[in-house]
Amino acid sequence: MQKIINLFDFKQNINYKNEILAGLTVAMTMIPESLSFAILAGLSPLTGLYAAFLMGLVTAILGGRPGMVSGGAGATVVVLIALASSHGVEYLFAAVVLAGILQMLVGLFKLGKFVRLIPHPVMYGFLNGLAVIIFMAQVAQFKVVQNGIETWMQGPTLYLMAGLTLLTIAIVFLLPKFTKAVPASLVAILVVFGIVYFFNIDTKKVIDIASVRGSLPSFHIPQIPFDIETLKIIFPYALVMAGVGLIESLLTLNMVDEITNTKGQSNREAVAQGIANITNGFFGGMGGCAMVAQTLVNISAGARARLSAIIGALTILLIILVGGPVIEQIPMAALVGVMMMVAIGTFEWVSFRIINKMPRHDIFIGMLVALIIVLLHNLALAVLIGVIISALVFAWESAKRIRARKYLDENGIKHYEIFGPLFFGSIAAFTEKFDVLNDPQEVIIDFRESKVVDMSAIEALNKITEKYKKKGKKLRLRHLSQDCRQLLKNAESVIDVNIIEDPTYQVMTNK
């Protein structure tokens with residue numbers, strides 16, 4: 001139990017002041033975002049707040065990354081908009097439950113480690129694209145609805161909103177230079193709230209987005225037909241949501257690992273995300289995943305344990321139950337300013353400094369990932385495309401590294417010493433290196449400095465042995481691994497087995 005709920009391990013070095021204040025700040029910044037995404041998806045505003053509370057609480061207690069914050073994130077909600085509009089909210093809740101089950105399975109089968117396959121340029125693009133999205137979402141708050149038409153603020157209304165936003169940004173930027181005793185974001189929100197309240201300033205507030213008053217979430221089984229047709233409808237949405245949620249959550253986990261110089265548990269986090277989404281589906285939440293912006297707010301406020309996220313989740317519940325009238329009066333300018341600073345902090349500015357030192361293909365991949373995220377708001381698609389292009393580039397570069405050292409020994413035997421990996425990308429260059437027609441009667445191919453990677457390489461070896469066999473020449477393959485020897489069709493007649501030196505390839509996995 002102590003390993004699961006570290007909150008109650010009083011031997012753990014926890015700064016309770018930082019944790020509590022960070023949790024309160026996170027709650028303040030999560031409320032408008034959860035409301036906005038719920039409204040965007042055509043759902044009740046409370047659906048977004050319930051997701052923020054349930055995701056935050058469950059993942060804080062069970063998750064594999066203390067300090068990370070989860071909630072009703074837009075990345076996952078956007079996936080479900082079409083489902084909610086075409087089939088209704090009950091199908092959405094069912095899809096959230098199914099997505100949670102899929103995420104649990106990923107964690108239970110220990111597949112979370114495959115997030116390591118995401119290259120660094122993709123990470124740069126992910127964070128930069130996300131920063132732009134967060135910033136542009138705040139710019140959209142400078143719009144108002146008049147007579148059913150959404151227009152930009154003008155005149156004194158615009159100047160007032162912009163002035164309060166700039167004041168918030170200034171406090172968040174300058175206060176840490178004087179003291180870090182309290183989170184600058186929370187101070188900024190309280191100062192701007194006080195100015196607006198005591199001077200009775202008329203500006204856009206949280207209440208202008210939606211009401212945040214409600215009751216405790218109640219257990220509710222989605223009212224849908226439990227048949228194969230329903231599964232056909234919700235499964236594609238659930239699969240995409242599960243993928244988006246896990247990618248964003250595990251990338252956020254890696255980001256926190258780098259910031260705090262600690263190590264999270266990806267598989268445990270996947271299970272926690274799954275349980276949280278299952279809970280969401282049965283208690284009226286819209287589902288979600290880790291929230292990069294709120295996590296950065298939490299970490300920058302000094303939080304390092306589970307307590308801050310738990311405080312944030314419980315604060316949201318308290319606000320739903322009793323604190324609505326107060327929270328509804330918080331100026332949107334204060335929250336917009338905080339989130340803009342988060343966006344600025346999220347952006348990898350170092351990518352500009354090293355852009356002339358990076359390979360051109362890495363620069364292209366990072367920019368492409370960021371562009372897809374900004375234009376399509378599809379994080380999973382952007383990361384997937386980035387990983388695929390990175391893999392193809394790696395295959396191309398590796399294919400160019402296949403080399404062969406050729407020489408005749410004193411017995412007239414020709415040796416081909418192969419250097420570099422032999423796989424689907426390099427088999428064409430590998431095959432071209434052999435002169436079957438003019439080679440002597442005996443040939444040795446040595447794989448001491450090479451590695452046979454895949455079935456395409458195995459098939460290439462089969463073809464080359466067949467060519468030498470048809471010419472009546474003797475070919476021996478040396479230093480092949482055991483698995484390659486078993487797969488080769490003509491193994492017994494052409495392989496010169498060296499038990500001491502022949503390699504055995506093993507794949508590293510998590511225990």
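Engineer: So, the pairing of strand β3 (residues 149-152): which residues are in play, and what are the values?
Structural biologist: Taken together, the 4 bridges between strand β2 (residues 143-146) and β3 define a ladder with antiparallel strand orientation. By the bridge assignment for β3, Q146 is matched with I149. Linking two consecutive strands that pair antiparallel, namely β2 and β3, is a turn of 2 residues; a positive phi of about 55° is found at N147 within it.

Engineer: Let's hear about the confidence of the model for the chain: which residues, and what values?
Structural biologist: Looking at the chain, the pLDDT average stands at 85 and 90% of residues meet or exceed 70. Within the chain, no element has a lower average pLDDT than strand β9 (residues 495-496), which sits at 50, and none a higher one than helix α9 (residues 266-282), at 96. Counting interchain partners and residues more than four positions distant, the pLDDT-below-50 stretch residues 1-10 has 13 contacts.

Engineer: So, the packing of aromatic side chains: which residues are in play, and what are the values?
Structural biologist: Scanning the entire structure with this criterion turns up 11 aromatic pairs. Aromatic pair Y197 and F198: ring centres 5.2 Å apart, planes at 85°, arrangement edge-to-face. Pairing F347 with W349 gives two aromatic rings, centres 4.6 Å apart and planes at 45°, and the pair type is tilted. Using a relative accessible area of 46% as the deciding quantity, one classes W349 as partly exposed. Aromatic ring contacts, followed pair by pair, group Y416, F430, F434 and F447 into a single cluster. Here the basic side chain of K177 rests over the ring of F173, its NZ or CZ set 4.8 Å away from the ring centre.

Engineer: Run through the layout of surface pockets, naming residues and quoting values.
Structural biologist: Its boundaries defined by the atoms lining it, the second largest pocket holds a volume of some 850 Å³. Those elements giving two or more residues to the lining of the second largest pocket turn out to be α1 (16-40), α5 (120-139), α6 (155-178), α7 (184-198), α8 (228-260), α10 (292-300) and α12 (332-346). Its residues assigned to classes, the lining of the second largest pocket shows 21 nonpolar, 9 polar and 5 charged.

Engineer: I'd like a rundown of unusual backbone geometry, residues and numbers included.
Structural biologist: The general pattern is negative phi for most residues beyond glycine and trans for most peptide bonds. The backbone of N200 sits at a positive phi, close to 50°, despite the residue not being glycine. By the element assignment, N200 lies in the loop between α7 and α8. By relative accessible area, which is 67% here, N200 ends up exposed. Its identity as a non-glycine residue notwithstanding, N261 has a phi of 55°, on the positive side. Looking at the element boundaries, N261 is found in the loop between α8 and α9. Here N261 falls in the exposed class, since its relative accessible area comes to 72%.

Engineer: Describe the environment of A137, listing the residues and the values that go with them.
Structural biologist: Within the element layout of this structure, A137 appears in helix α5. According to the relative accessible area criterion, A137 is partly exposed, its value standing at 37%.

Engineer: Can you lay out the pairing of strand β6 (residues 414-422) for me, pointing to particular residues and giving the numbers?
Structural biologist: A regular strand places its side chains so that they alternate between the two faces of the sheet. Most of β6 sits out of view: 7 of its 9 residues are buried. With 6 bridges joining them, strand β5 (residues 403-408) and β6 adopt antiparallel strand pairing. Of the residues in β6, the one forming a bridge with K406 is Y416. Joining the antiparallel neighbours β5 and β6 is a turn of 5 residues, in which G412 adopts a positive phi near 80°. Note that the unit made of β6, helix α16 (residues 427-432) and strand β7 (residues 442-452) has a crossover that is right-handed.

Engineer: Mind laying out the environment of R405, listing which residues take part and the relevant values?
Structural biologist: Within the secondary structure, R405 is located in strand β5. Considering only alpha carbons, one finds R405 and T252, 153 residues apart in sequence, at a separation of 46 Å.

Engineer: Describe the side chain of T47, with residues and values.
Structural biologist: For T47, the position within the fold is in helix α2 (residues 45-62). Filtering out sequence-adjacent residues up to four positions away, T47 remains in contact with F93, G284, G285 and M286.

Basis of the calculations
Residues numbered from 1 in each chain as written. Predicted model: local features only at pLDDT ≥ 70, side-chain atom pairs only at ≥ 80, totals over all residues. Heavy atoms only, no water. Pairing = 2+ DSSP bridges. Helix = DSSP H or I, 4+ residues; strand = E, 2+ residues; numbered from the N terminus. pLDDT = per-residue confidence, 0-100. Contact = heavy atoms within 4.5 Å. Phe/Tyr/Trp six-rings, centres within 6.5 Å; stacked < 30°, edge-to-face > 60°. Buried < 20%, exposed > 50% of the residue type's maximum accessible area, 1.4 Å probe, protein only. Lys NZ or Arg CZ within 6 Å of the ring centre and 35° of its normal. 1 Å grid on protein atoms, 1.4 Å probe; cavity = no way out; pocket = protein on both sides within 12 Å on 5 of 7 lines; lining within 4 Å. Points joined across faces, edges and corners; volume = space filled by probe spheres on them. Nonpolar A, V, L, I, M, F, W, Y, C, P; charged D, E, K, R; others polar. Right-handed = clockwise from strand over helix to strand, strands pointing away.

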